[in-house]
Amino acid sequence: MKVGVLALQGDVREHSQALMACGVEVVNVRRPAELALVDALVMPGGESTTIAQLAQIFGLFSPIRERIAKGMPVYGSCAGMILLANEILDAKAGQETFGGLDITVRRNAFGRQVDSFESDLSFEDGSSELIRAVFIRAPWVERVGVGVQILAQVGSHPVAVRSKSILATSFHPELTGDHRIHRYFVEEVARVAVQQVQ
Ligand code: GLN
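Residues numbered from 1 in each chain as written. Predicted model: local features only at pLDDT ≥ 70, side-chain atom pairs only at ≥ 80, totals over all residues. Heavy atoms only, no water.

Asker: Quick rundown of the site of the ligand? Include the residues and the values.
Answerer: Around the ligand sit G45, G46, E47, S48, C78, A79, I82, R107, N108, I136, R137 and H172, and that is every residue in its neighbourhood. At a separation of 3.0 Å, a nitrogen atom of the ligand approaches a polar backbone atom of R137. Each residue belonging to the shell around the ligand can be placed in one class, and the counts come to four nonpolar, five polar and three charged. (Near = heavy atom within 4 Å. Polar contact = N/O pair within 3.5 Å; in protein donor to acceptor, adjacent residues only side chain to side chain. Nonpolar A, V, L, I, M, F, W, Y, C, P; charged D, E, K, R; others polar.)

Written out as structure tokens, the structure is:
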């Protein structure tokens, strides 16, 4: 299985390393031709408005939307979660998303940069071990649509969700060296979805 990392801005290298540690081939995606090579896509943390603008400039916006609509497995962390959400609160004027995930997220919900924090969370992947979660100007989820499963919460706010082949986290597992979430994406979300299409 080839997994792309949307390589326009943000912590692309960290995601690539985590994915390689899970044993998949990784392709940096900057152009439609590179998107066409991959079975699944990861959208990194960074700045969602910048990533969306660059995706327009690089001609990736519509091709990514089309692939998501056809069921391509996608995982978004932080800015990536925002880019996958159907609806954003506190969005920049005119901010667009790829969408596909029926959630409403609030940008920068936990506060400003100084309010970034780490927390140990339970993650509903069948393991009882807590997972270290790093939040950096993170969004939280304010509404989940029908069929969206909540995998982790901080207080009453969902911070990890899944809907069929789309996975999103408010936090950054690519920064901790713990590859559990990437492994969950590769093995439980992406591989299952790709096998169903074949
Ligand atoms: N606040 C950023 C945004 O709106 C996301 C921050 C992050 O990815 N660490 O895109």
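Asker: Go over the pairing of strand β2 (residues 25–29), please, and point to the residues and values.
Answerer: Taken together, the five bridges between strand β1 (residues 2–6) and β2 define a ladder with parallel strand orientation. Bridging from a neighbouring strand, L6 pairs with V29 of β2. For the segment spanning β1, helix α1 (residues 12–21) and β2, crossover handedness is right-handed. (Pairing = 2+ DSSP bridges. Helix = DSSP H or I, 4+ residues; strand = E, 2+ residues; numbered from the N terminus. Right-handed = clockwise from strand over helix to strand, strands pointing away.)

Asker: Report on the sheet that holds strand β11 (residues 157–163), specifying residues and quantitative values.
Answerer: For sheets, the rule is that strands pair by backbone hydrogen bonds, running either parallel or antiparallel. Here we have seven strands laid out as an open sheet, ordered β2-β1-β3-β4-β12-β11-β10, and mixed in their pairing. Both outer strands of the open sheet, β2 and β10 (149–154), are each paired with one neighbouring strand and no more. Within the sheet, the average angular offset between the axes of one strand and its neighbour, ignoring direction, is 20°. Pairing of strand β4 (residues 74–77) with strand β12 (residues 166–169) involves four bridges; the strand directions are parallel. (Axes fitted to C-alpha atoms, helices over the stretch in contact; angles between N-to-C directions.)

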